[in-house]
Amino acid sequence: MTEPLLELIGINKSFGPVHVLHDVNLTVRAGEVTALVGDNGAGKSTLIKCVAGIHPTDSGEVRFRGEPVHIHSPKDAADLGIEVVYQDLALADNLDVVQNMFLGRERGSGWLMDEFSMERAARETLASLSVRTVKSVRTPVSALSGGQRQTVAIAKAVLWDSKVVLLDEPTAALGVAQTRQVLDLVRRLAEQGLGVVLISHNMADVFEVADRICTLYLGRLVADLPAKETTHSQVVELITAGRSGELGLARPEHVTL
Amino acid sequence: MTSTPTGAPNLGARPDEVRRHNRTVLLRRLHIEGPCTRASLAAELGLNRSTIKALVDGLAESGVVEERVPRQRSGAGRPSLLVLPQAHAAVVLAVDIRVEQVSIALVGLGGEILGRNSWNLRVRTREPAEVATHVVDSALLLAADLGVRMVAAGISVPGVVRRSDGFVHEAPNLHWTDVPLGDRLGSVFDMPIMVGNDAELGALAEHLRGSARGSSDAVYVTADVGVGGGVISDGSALRGTAGYLGELGHMVVNPAGRSCYCGSRGCWETEVGERALCRVLGLREGAPRGSVVAELRALAADPAQVRSRLGEFADWLEVGLVNVVNVLGPELVVLGDLFTALPASLIAEVAESVRERSLVSRAVGGTRIVTSTLGADVTLLGAAELAFESVLGAV
């Protein structure tokens, strides 16, 4: 078996006196959807932001395809092929689909942008993901529904040939039917061989798309389980108590009162 | 594909039946081949221009097609109007039940996917009742979201299915036996429900919209956890008694092989199915599809590795395909699903040896072996076409 795409080893992060991440180990493999679950404040978003280069880590190692790397800025992450999709539909409203997908990385030279090639690439990318809900790639993003916006944000990751896509609650701002469409897309990303990390609060969603479920509890990664062999209640116990039967944090053996 | 207007060969056709037949043929042409001018419709269908006008006007009035002046003019004179099928005029539900996943899609006239959904199956959610309930729930949700009404449903099942009433005799990889799937869904949805075997529907999709377009004798071979086949012979699907044809995955190829759940030993499926592929790639059995694809893609970049790691797998693929070509005599073999992820060099090599080894292939001047171009949606599109079969005559 080939080495994991992205490996986090012993990541620590504090904000002032608050120790947010304690020795977190996380592995992202190509072609798998890894769900990252945990209560509010467990450190999920912080962990994603550390990988995305928004927050520096205090200690720990990040390996990309087995090689140790240093991610100091979002640009470093993008150069490695790590793309992040946020919950708040972060696209520029006044631009159209093509302009958004190429924002900051426009093709062309000198004075002229190569609109034709950008348009074609955008269309091909959407087609390769069998996205047929976005009618025209020249539609302004403000005219798209929430689900379509997330679709565009995710398609951007594919267009830039990303290896790892981190989705921070991509469906939090969406309705039920649109959520389904986005999750379907997440599934197909993995089937194309990308490594996908999905943060979600919705257990039903997690079980429908994830291959592995990693649980964070108060900044510690307490369990990394295959979704097929895990039950709903086990995950809920891990999220709320940090342990479930033999899984998760070790039971305190000696309690002194 | 074509039938006499009345359906009964020994009866004459009344004018309204002829008209209905022509209308269905025209609609099928637009549905499969896409937009087309009135003039070329007349030429292709061999009908009078005024007949075409009457038919198209009738369809346009009921909103099934729209007419537009074509952007590019082909010659002198008044341009012939372009006839476009309207996706929302007839929307069908397509369901692709796989061993580890269910996908559904709403497909409009012309084969456009309007909306879709999918979910993973696990031990408990794989129960027939659970799957049926989930399909109903999410289909209704999707239809409401898109504001469309479904008029028929086509369902693909990886198993042995009775076509007449959608009774699933056996879907071994799903652990289903004797499931009245068609009746169950029919009692909830007030529309025709058609159930078919996954490989057979894949063959249908390839024949109508994919690589096998225009070839009248083709075989579609697909690999998921199981391996199956669908056969297009002389332009229509070969079904066998009660439609049970096509279990290519259970051809016995290796007498010394592993035992198969079907009760036999050394079935082709045990050598070229997903589990076999995981084995040769050194992945654990039941690894997610994405990681198999990622592994194969990484491997494709290194030609020396391809032969050494996939050599035995390729040999078994070749053995099976030689048998398939010799028995069925197709002009084209389309490899679908998991096979599309195999390195192109490997497919080319296998195709070449099959051409050399197969007597039939040599006789017909070389059977072509290609991979599917429809990607992961092939079965879904096939299920939609199955549903459309019952719809096009009634729109």
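These figures come from a predicted structure and were not determined experimentally. (Residues numbered from 1 in each chain as written. Chains lettered and ligands numbered in written order. Predicted model: local features only at pLDDT ≥ 70, side-chain atom pairs only at ≥ 80, totals over all residues.)

Next up on the list: the overall build of chain A. Per the secondary structure count, chain A includes eight helices and 14 strands. Expected size for 257 residues packed as a compact globule is a radius of gyration near 18 Å; at 19 Å, chain A falls within 12% of this value. If you line up chain A on its principal axes, its C-alpha atoms span 70 × 40 × 35 Å. Look at the contacts in chain A between residues 6 or more apart in sequence, and 66% of them connect residues 24 or more apart. (Helix = DSSP H or I, 4+ residues; strand = E, 2+ residues; numbered from the N terminus. Rg over C-alpha atoms; globule rule 2.2 N^0.38 Å. Contact = placed C-beta atoms within 7 Å.)

Here we come to the overall build of chain B. The helix and strand inventory of chain B stands at 13 helices and 16 strands. In terms of C-alpha radius of gyration, chain B reaches 22 Å, essentially the compact-globule figure of 21 Å for 395 residues. Seen through its principal axes, chain B has C-alpha atoms that stretch 65 × 50 × 45 Å. Classification of the 395 residues of chain B by burial places 44% in the buried group. (Buried ≥ 20, exposed ≤ 12 C-beta atoms within 10 Å, placed from the backbone.)

What follows is about the domain arrangement of chain B. Interfaces are often sized by the amount of accessible area the parts lose when they come together. Residues and elements named next belong to chain B. For chain B, the domain assignment lists domain 1 (15-85), domain 2 (89-201 + 379-391) and domain 3 (211-373). Relative to domain 3, the C-alpha centre of domain 2 lies at a distance of 25 Å. Contacts between domain 2 and domain 3 engage 13 residues on the former and 15 residues on the latter. Going through the elements one at a time, β8 (160-162) and α6 (198-209) are the ones with two or more residues in the side of domain 2 that touches domain 3. Split by residue class, the side of domain 2 that touches domain 3 holds six nonpolar, two polar and five charged. (Domains from an automatic or database assignment. Nonpolar A, V, L, I, M, F, W, Y, C, P; charged D, E, K, R; others polar.)

The next point concerns the environment of R63 of chain A. Residue and element names in this part refer to chain A. Structurally, the position occupied by R63 is in strand β4 (residues 59-64). A sequence separation of 58 residues divides R63 from L5, and the C-alpha atoms of the two residues are 8.0 Å apart. Apart from residues no more than four positions distant in its own chain, R63 is found in contact with E7, I9, P68 and V69.

If you look at the interface, chain B gives 27 residues, while chain A gives 23 residues. Where the side of chain B that touches chain A is concerned, the elements lending two or more residues are β6 (112-120), α4 (128-146) and α9 (289-300) of chain B. Considered class by class, the residues forming the side of chain B that touches chain A number 11 nonpolar, eight polar and eight charged.

Now for the confidence of the model for chain B. Across chain B, the average pLDDT comes to 86, with 96% of residues at or above 70. Reported for the predicted complex are a pTM of 0.81 and an ipTM of 0.71. (pLDDT = per-residue confidence, 0-100.)

Take the sheet that holds strand β11 (residues 193-197) of chain B next. Residues and elements named next belong to chain B. Strand order across the open sheet formed by five strands is β6-β5-β4-β7-β11, with mixed pairing between neighbours. The sheet is open, and its two edges are formed by β6 and β11, each paired on a single side. The average undirected angle you get between the axes of adjacent strands in this sheet is 15°. The pairing of strand β4 (residues 91-97) with strand β5 (residues 101-108) spans seven bridges and is classified as antiparallel. Bridge assignment links I97 to a residue of β5, and that residue is V102. (Pairing = 2+ DSSP bridges. Axes fitted to C-alpha atoms, helices over the stretch in contact; angles between N-to-C directions.)

Running from amino to carboxyl end, helix α6 (residues 176-191) of chain A crosses α4 of chain B at an angle of 110°, the nearest separation of the two axes being 9 Å. By the angle between their directions, the pair α6 of chain A and α4 of chain B is classed as roughly perpendicular. Listed contacts from α4 of chain B to V176, A177 and R180 of chain A of α6 of chain A are S138, L141, L142 and D145 of chain B. Of the residues in the contact of α6 of chain A with α4 of chain B, the class split is four nonpolar, one polar and two charged. (Parallel < 35°, antiparallel > 145°, perpendicular 65-115°, else oblique.)

We now examine the nonpolar core. Counting 171 residues, the largest nonpolar core has L198 of chain A together with V92, A94 and A387 of chain B as the members making the most contacts within it. Per element, the largest residue contribution to this core is nine residues, and it comes from helix α13 (residues 378-391) of chain B. Beyond its immediate stretch of four places on either side in the chain, V92 of chain B contacts V107, M150, V151, A152, A153, G154, A384, A387, F388 and V391 of chain B. One finds V25, L41, V56 and L59 of chain B within the second-largest nonpolar core, a separate group that totals 11 residues. (Core = buried A, V, L, I, M, F, W, Y, C linked by C-beta atoms within 7 Å.)

Time to look at the pairing of β11 of chain B. Residue and element names in this part refer to chain B. Most of β11 sits inside the fold, with five of its five residues counted as buried. Covered by surrounding structure in β11 are I193, V195 and N197 together with M194 and G196, the residues of both alternating faces. With five bridges connecting them, strand β7 (residues 150-157) and β11 associate as parallel partners. Across the sheet, the residue bridging to V157 is N197, located in β11.

Attention now goes to the environment of Q181 of chain A. Its location among the elements puts Q181 of chain A in helix α6. Along the sequence, Q181 of chain A and G38 of chain A sit 143 residues apart, while their C-alpha atoms lie 23 Å from each other.

Right, let's talk about the sheet that holds strand β12 (residues 218-223) of chain B for a bit. Residue and element names in this part refer to chain B. Strand order in the open sheet made by the five strands is β14-β13-β12-β15-β16, with mixed pairing throughout. The sheet terminates laterally at β14 (236-237) and β16 (368-371), the two strands that pair on one side only. Sheet topology places β12 next to strand β15 (residues 332-337); six bridges connect them, and they run parallel. Across the sheet, residue V221 finds its bridge partner in β15, namely L335.

Once that is clear, we can look at helix α1 (residues 15-33) of chain B. Residue and element names in this part refer to chain B. Over its 19 residues, α1 extends 27 Å from the first C-alpha to the last, a length consistent with the 27 Å expected when each residue adds 1.5 Å. Taken as a whole, α1 has its buried residues at V25, L26, L27, L30 and H31. For α1, the secondary structure elements touched by its buried residues are β1 (36-37), α2 (38-45), α3 (49-61), β2 (65-68), β3 (82-85) and α13. Phi turns positive, to about 90°, at G34, one or two residues after α1. (Expected span 1.5 Å × (residues − 1).)

Looking now at the packing of α2 of chain B against α3 of chain B. In a pair of packed helices, the angle between the axes and the distance between the axes together describe the arrangement. Residue and element names in this part refer to chain B. It is at 9 Å that the axes of α2 and α3 come closest, and there the two elements cross at 115°. Relative to α3, α2 is oriented so that their crossing is right-handed. In this structure, α2 contributes R38, L41 and A42 to the contact, and α3 contributes R49, I52, K53 and V56. When its residues are assigned to classes, the contact of α2 with α3 shows four nonpolar, no polar and three charged. (Left-handed = near helix turned anticlockwise from the far one by under 90°.)

Quick look at the environment of L84 of chain B now. Residues and elements named next belong to chain B. Of note, L84 is situated in strand β3. Since 17 C-beta atoms lie within 10 Å of it, L84 is described here as partly exposed. Each C-alpha atom of the pair L84 and T24 lies 15 Å from the other, and the pair is 60 residues apart in sequence. If we skip the residues at most four places from it in the chain, L84 touches P35, V65, E66 and R68.

Here the focus is helix α8 (residues 232-241) of chain A. Residues and elements named next belong to chain A. Of the residues making up α8, those classed as buried are V235, L238 and I239. Down the axis of α8, the buried side of the element spans an arc of 95°, and every buried residue falls inside it. More than 90 degrees from the buried face of α8, the exposed residues found are S233 and A241. Of the surrounding elements, those touching the buried residues of α8 are β3 (33-38), α7 (203-209), β11 (212-217), β12 (220-226), β13 (243-244) and β14 (247-248). Where α8 ends, the next residue or the one after it, G242, has phi of about 80°, a positive value. (Arc of directions from axis to C-beta.)

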